[in-house]
Amino acid sequence: MSKTIRIGTRDSELALWQAKTVQSQLEHLGHKTQLVPVKSTGDIVLDKPIYELGITGVFTKTLDIAMLNGEIDIAVHSLKDVPTLLPKGIVQAAVLKRGNVRDCLVFKNNEEFLSQRDAVIATGSLRRRAQWLNRYPTHTIVGLRGNVNSRLQKLEDNDWNGAIFAAAGLGRLNMKPEESFNLEWMIPAPAQGAIMITALETDEETRAICAEINHEDTQIATSIEREFLNRLEGGCSAPIGALAFVKDEEVHFQGILLSLDGSKKIEVQRTVALGKHDELAQFCADYIIERGGKRLMDDLKKSSQAVTIFSTKTLTDDQKQLFHDAVVSDSSDFIKISLNRMTHKVLRPMPKNVIISSKNAVEALLTNFAPQELQFENIYCVGRRTKRLVERKIGPVKHTENNAKALAEYLVDYIEGTQVTYFCSDIRLEALPKILKDNQIEVNEVTAYETKYDAVKIKDTVKGVMFYSPSTVQSYKQENENDDITAFCIGETTAKEARRHFKDVRVAKVPTVESVIALVNQYFE
């Protein structure tokens with residue numbers, strides 16, 4: 001071939017290594033080549049996770065355009081970054097023999113954190129995140145973007161326990177640290193470790209040359225993995241793993257689909273004879289779909305939309321289903337509860353009148369004492385759900401109100417005696433004890449549990465936040481400055497705190513999570 005083959009590549013160190021590998025193999029066959037480096041969106045925008053950039057093929061789109069414009073003859077890609085459907089007019093011309101398929105954990109200091117409850121792991125991949133959380137659900141995952149060098153430096157500069165990389169990338173750049181090991185249990189991304197070449201469909205001469213460096217077993221394996229991904233309708237925004245390999249005239253396959261938080265996992269494994277593998281990807285994808293994969297994928301697609309509502313309390317699956325289609329929700333517990341140890345002193349003498357204002361207080365009492373030890377004569381509650389729990393676990397409730405202030409005003413008129421024991425949090429509203437004390441009712445406060453703020457920073461796309469107590473509002477404010485949202489509150493006490501920070505405050509008719517969801521649905525109709 002007389003013309004020079006122009007090899008398009010991203011200009012990162014790893015991408016150039018891959019392109020030079022292709023260049024070397026082509027030149028070994030006697031062909032002239034020229035490298036043409038270009039920047040991609042994925043290289044330029046480093047402050048967002050890949051799944052937030054809003055497009056598939058974030059690392060390949062620029063090269064596709066350059067090829068269609070006639071600026072390059074072939075493009076070299078990491079195959080795992082290539083969309084399963086190529087642009088019209090562009091085809092896969094070759095796949096090189098595959099490198100290390102595994103993910104690799106690079107850690108700092110030692111590996112003891114793997115057996116500990118708390119650890120921080122960095123990755124920008126939803127697949128790695130989901131599989132890690134499935135195995136280590138109490139660990140924290142932080143985002144990590146950039147080239148291999150910058151990611152290793154970020155690990156060094158931050159107080160993280162470790163970060164996850166593709167083993168092939170570390171190996172190709174000869175940058176694998178001693179403090180690292182491959183994650184044999186983690187199923188890799190479809191086509192991970194493989195280098196792929198694309199060319200114009202009409203350029204038969206270039207395609208024929210590329211075919212000479214194609215590795216057939218790698219092509220078979222990666223094609224199955226990518227078809228599996230395509231049939232699940234996934235991409236960068238879905239936690240999907242797949243691995244196929246050819247051994248002893250057989251094709252072995254394993255695939256996985258997870259929820260974003262790793263709490264749900266569906267796996268498949270299958271082996272077929274080489275030559276009878278054409279339907280392997282479809283069989284395995286159907287297996288996943290039939291075992292709950294369709295619902296998982298539907299949830300993933302919905303979660304990839306712009307989040308419009310954030311709940312400051314983790315919602316159950318049943319509660320999430322109550323939102324209508326116009327609402328996309330996310331949730332996290334902005335308040336963490338720590339139950340206190342209480343001695344039998346609080347029951348000596350046995351309090352005649354007690355106030356229980358939350359289900360957390362009920363749980364604290366039952367953690368410290370047997371139900372038969374709690375022989376309270378008069379129990380007063382805040383909230384219907386607290387009342388139901390008390391009556392199911394401890395005993396009958398004499399009176400309940402929707403909020404603490406209303407209960408205090410009732411007790412001023414109707415309490416039997418002049419003393420009351422209040423099982424409360426270390427963070428509680430002043431209204432109830434103040435009203436009682438101002439009316440000569442002695443209040444014995446027992447701190448049954450501690451309330452700790454644990455808010456996360458929410459996205460700018462959030463249009464409304466659901467609050468369930470004044471503490472959730474206060475927790476939100478510790479991490480978020482955005483006051484230009486609608487606050488959906490479970491009751492008037494919560495709304496009072498919300499009005500200190502937000503202009504638009506809505507209050508549910510009934511103090512339940514479901515009622516707050518109904519309020520949200522009504523707002524977005």
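Our structure's up above, just so we're on the same page.
A. Structural detail: the sheet that holds strand β4 (residues 90-95). If you walk across this open sheet you meet the five strands as β2-β1-β3-β10-β4, and the pairing is mixed. Strand pairing shows two members of the sheet lacking a second neighbour, β2 (33-38) and β4, which therefore form its edges. Sheet twist, expressed as the average angle between the axes of neighbouring strands with direction ignored, equals 30 degrees. Across two bridges, strand β1 (residues 5-10) lies against strand β3 (residues 74-78) in parallel orientation. Across the sheet, the residue bridging to G8 is A75, located in β3. Taken strand by strand, helix α3 (residues 61-68) contacts β1, β2, β3, β4 and β10 (195-200), and its axis lies near 170 degrees from that of β3.

B. A look at the packing of aromatic side chains. Within this structure, the stated rule accounts for 13 aromatic pairs. A centroid spacing of 5.0 Å and a plane angle of 65 degrees characterise the contact between F228 and F253, whose relative ring orientation is edge-to-face. Of the two residues, F228 is situated in helix α8 (residues 216-231) and F253 in strand β12 (residues 250-258); the sequence distance between them amounts to 25 residues. Across the pair, exposure class does not vary: F228 and F253 are buried alike. Ring geometry for F488 and Y523: centres 5.3 Å apart, planes at 80 degrees, overall edge-to-face. Of this pair, F488 sits in strand β23 (residues 486-489) while Y523 sits in helix α17 (residues 513-524), placing them 35 residues apart in sequence. Three or more aromatic residues joined by ring pairs make a cluster, and in this case those are W132, Y136 and W185. Between R270 and the ring centre of F283, over which it is positioned, the NZ or CZ distance is 3.9 Å. The ring of Y287 has R291 sitting right over it, with the charged end atom 3.6 Å from the ring centre.

C. A look at helix α15 (residues 470-479). Looking only at α15, the buried set comprises P470, S471, T472, V473, S475 and Y476. Each element contacted by the buried residues of α15 is listed here: β16 (335-339), β21 (442-453), β22 (464-467) and α16 (492-498).

D. Seen up close, the sheet that holds β12. Strand order in the open sheet formed by three strands is β11-β12-β13, with antiparallel pairing between adjacent strands. With partners counted over all chains shown, the strands left at the sheet margins are β11 (240-247) and β13 (265-273), one partner each. The sheet shows a mean angle of 10 degrees between the axes of neighbouring strands, direction not considered. As paired elements, β11 and β12 share eight bridges and run antiparallel to each other. Bridge pairing in β12 places L243 opposite Q254. Contacting β11, β12 and β13, helix α4 (residues 126-135) crosses the sheet at an angle of about 80 degrees to β12. Running at roughly 150 degrees to β11, α8 makes contact with β11, β12 and β13 of the sheet.

E. Layout of the side chain of T451. By the element assignment, T451 lies in strand β21. A polar atom in the side chain of T451 sits 2.6 Å from the side chain of S425. Other than its neighbours up to four places away in sequence, T451 contacts I335, K336, I337, S425, D426, I427 and S471.

F. Quick peek at the nonpolar core. Membership of the largest hydrophobic core comes to 24 residues, with the highest contact counts inside it found for I224, F228, I240, F253, L257, L280 and I288. Listing elements by their share of this core, those giving two or more residues are α8, β11, β12, β13 and α9 (280-303). In this structure, V346, F369, L374 and V446 belong to the second largest nonpolar core, which totals 22 residues.

Conventions and cut-offs
Residues numbered from 1 in each chain as written. Predicted model: local features only at pLDDT ≥ 70, side-chain atom pairs only at ≥ 80, totals over all residues. Heavy atoms only, no water. Pairing = 2+ DSSP bridges. Helix = DSSP H or I, 4+ residues; strand = E, 2+ residues; numbered from the N terminus. Axes fitted to C-alpha atoms, helices over the stretch in contact; angles between N-to-C directions. Contact = heavy atoms within 4.5 Å. Phe/Tyr/Trp six-rings, centres within 6.5 Å; stacked < 30°, edge-to-face > 60°. Buried < 20%, exposed > 50% of the residue type's maximum accessible area, 1.4 Å probe, protein only. Lys NZ or Arg CZ within 6 Å of the ring centre and 35° of its normal. Polar contact = N/O pair within 3.5 Å; in protein donor to acceptor, adjacent residues only side chain to side chain. Core = buried A, V, L, I, M, F, W, Y, C linked by side-chain atoms within 4.5 Å.

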